[in-house]
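For reference, the chains in residue letters:
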Amino acid sequence: MTARAGDVGPSTTSTDRPPDVAAEKALWRRRIRTARRERDPEVCARDAVAITVAVLGLAAEVDGPICAHVPVGVEPWSAAGVEALRAAGHEVLLPVVAGRDAPLDWARYTGPDALVAGPFGLREPSGPRLGPEAVGRAPLVLLPALAADRRGVRLGQGGGFYDRTLPLVDAAVALVVVLGDGELVDALPAEPHDRRVGAAILPAEGVMMLGGTD
C-alpha cells in the first residue's frame, strides 16, 4: 500500500503473505483519527469554509435533493456548511440511523434547530422519515469518510451503514467523499462489497475526480 509524501497512512507491509484487509483498514482508521485529533482548530475552521465553497459549486450543477451529513467531532466540513446548502435553496436530506443492521433512513433538513441527538454522536433531523429509498432520488450524495484513494475506494468508520445504503443508489449518481487535506491517498485496502466513489472534496484542492483500474 502506498501513500503520497505527507499523507496519513501505515507503513508498507511485507508482501510474503496475503494481506489481512480488516487489519489494514483498522490501522488506517487509527492513524487518520489520530491525525484529525491533532489538527489545529483554526485550520479546521478555515478548511470547512473551503469545503463549503466546493460543495455549493457541485450542488449548483444538479437538479434534485442532495444527500449530505452533519459532520461530528473532528470530521471535515461543518454544520454551517450544511446550512449553507439549505440557504442556497437546495433540498437537503440527512441520514437517520434506523437500526444497527439496516440501511440508513433519511429525513429533510429544515435547519439547525430541528436537529436532535442520534446514535454514535450523530445529529439527525427530527422531521418525518422518508425511508431508505429516498437516497435513490438524489443526484448528488456527499459521503463522510476517513480517507479515499485515487481508484475511488472509500474508507468509512467501519459501522457498515453506508455499505448497506449505497446499493440503493444508481450507478450513475455522483458519490462524493468529503475529506481533509492529506486523506486522499494512492491505495487503500478494499473488499468486494466496497462501493467506489467518483470524486473527493478537499480543502486545498477542491473537487478531485477519482476512478481507474486497480
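Check the entry above for the structure.
Worth saying up front: this structure is predicted, and the values here are computed from it rather than measured.

Enquirer: An account of the overall build of the protein chain is requested, with residue identities and associated values reported.
Expert: Each helix and strand counted, the protein chain has four helices and 12 strands in total. Here the protein chain holds 214 residues, and 45% of them are scored as buried. At a minimum sequence separation of 6, the contacts of the protein chain that also span at least 24 residues come to 67%. Carbon and sulfur atoms make up 55% of the accessible area of the protein chain, which amounts to about 10,300 Å² in all.

Enquirer: Go over the packing of aromatic side chains, please, and point to the residues and values.
Expert: Following the criterion strictly, the structure yields one aromatic pair and no others. Between Phe 120 and Phe 161 the ring centres are 5.6 Å apart and the planes differ by 55 degrees, which places this aromatic pair in the tilted class. Of this pair, Phe 120 sits in the loop between strand E4 (115-117) and strand E5 (123-125) while Phe 161 sits in helix H4 (residues 161-165), and the two are 41 residues apart along the sequence. Stacked on the ring of Phe 161, the Lys or Arg Arg 164 has its end atom at 5.0 Å from the ring centre.

Enquirer: Which residues make up unusual backbone geometry, and what are the values?
Expert: Leave glycine aside and you will find that most residues have negative phi; peptide bonds, for their part, are mostly trans. The phi dihedral of Trp 77 is positive, around 80 degrees, even though this residue is not glycine. Positionally, Trp 77 belongs in the loop between strand E1 (66-67) and helix H3 (79-87). Owing to a relative accessible area of 6%, Trp 77 belongs among the buried residues under this scheme. The backbone of Phe 120 shows a phi angle near 60 degrees, a positive value even though the residue is not glycine.

Enquirer: Explain the pattern of salt bridges to me, using residue names and the numbers behind them.
Expert: Tallied over the full model, the rule gives nine salt bridges. Residue Glu 183 pairs with Arg 39 through a salt bridge whose shortest N-O separation is 3.0 Å. A residue pair is termed long-range when its members are at least 10 positions apart, and Glu 183 in the loop between strand E9 (174-178) and strand E10 (184-185) and Arg 39 in the loop between helix H1 (21-37) and helix H2 (41-59) qualify at 144 residues. What makes Glu 183 buried here is its relative accessible area of 1%. Note on Arg 39: relative accessible area 24%, which makes it partly exposed. Glu 83 serves as the salt-bridge partner of Arg 86, at 2.9 Å between the closest nitrogen and oxygen. Highlighted residues: Arg 86 and Glu 83, both in helix H3, separated by three residues, approximately one helical turn. Taken together, the shared-partner salt bridges connect Lys 25, Glu 191 and Asp 194 into one network.

Enquirer: For the layout of surface pockets, give the residues involved together with the corresponding values.
Expert: Approximately 820 Å³ is the volume found for the largest pocket. If you list the elements that add at least two residues to the lining of the largest pocket, you get H1, E5, strand E8 (154-155) and H4. Of the residues forming the lining of the largest pocket, the biggest block, six residues, is contributed by H1. Residue composition of the lining of the largest pocket, grouped by class: 17 nonpolar, seven polar and 13 charged.

Enquirer: Before we move on, could you go through the nonpolar core and cite the residues and values that matter?
Expert: In this structure, Cys 67, Trp 106, Val 141, Leu 143, Leu 175, Val 177 and Leu 179 are the most contacted members of the largest nonpolar core, which totals 25 residues. Put simply, the parts of the chain that give this core at least two residues each are strand E6 (140-144), H4, E9 and strand E11 (199-202). In contact with Leu 175, other than residues within four places in its own chain, are Val 141, Leu 143, Leu 166, Val 169, Arg 195, Arg 196, Val 197, Gly 198 and Ala 199. Core analysis: the second largest hydrophobic core is formed by 21 residues, Val 55, Ile 66, Ala 68 and Leu 85 among them.

What counts as what
Residues numbered from 1 in each chain as written. Predicted model: local features only at pLDDT ≥ 70, side-chain atom pairs only at ≥ 80, totals over all residues. Heavy atoms only, no water. Helix = DSSP H or I, 4+ residues; strand = E, 2+ residues; numbered from the N terminus. Buried < 20%, exposed > 50% of the residue type's maximum accessible area, 1.4 Å probe, protein only. Contact = heavy atoms within 4.5 Å. Areas by Shrake-Rupley, 256 points an atom, 1.4 Å probe, with all protein chains shown as cover. Phe/Tyr/Trp six-rings, centres within 6.5 Å; stacked < 30°, edge-to-face > 60°. Lys NZ or Arg CZ within 6 Å of the ring centre and 35° of its normal. Salt bridge = Lys/Arg side-chain N within 4 Å of Asp/Glu carboxyl O. 1 Å grid on protein atoms, 1.4 Å probe; cavity = no way out; pocket = protein on both sides within 12 Å on 5 of 7 lines; lining within 4 Å. Points joined across faces, edges and corners; volume = space filled by probe spheres on them. Nonpolar A, V, L, I, M, F, W, Y, C, P; charged D, E, K, R; others polar. Core = buried A, V, L, I, M, F, W, Y, C linked by side-chain atoms within 4.5 Å.

Honestly, that's just the spatial picture; any functional story needs more than this.
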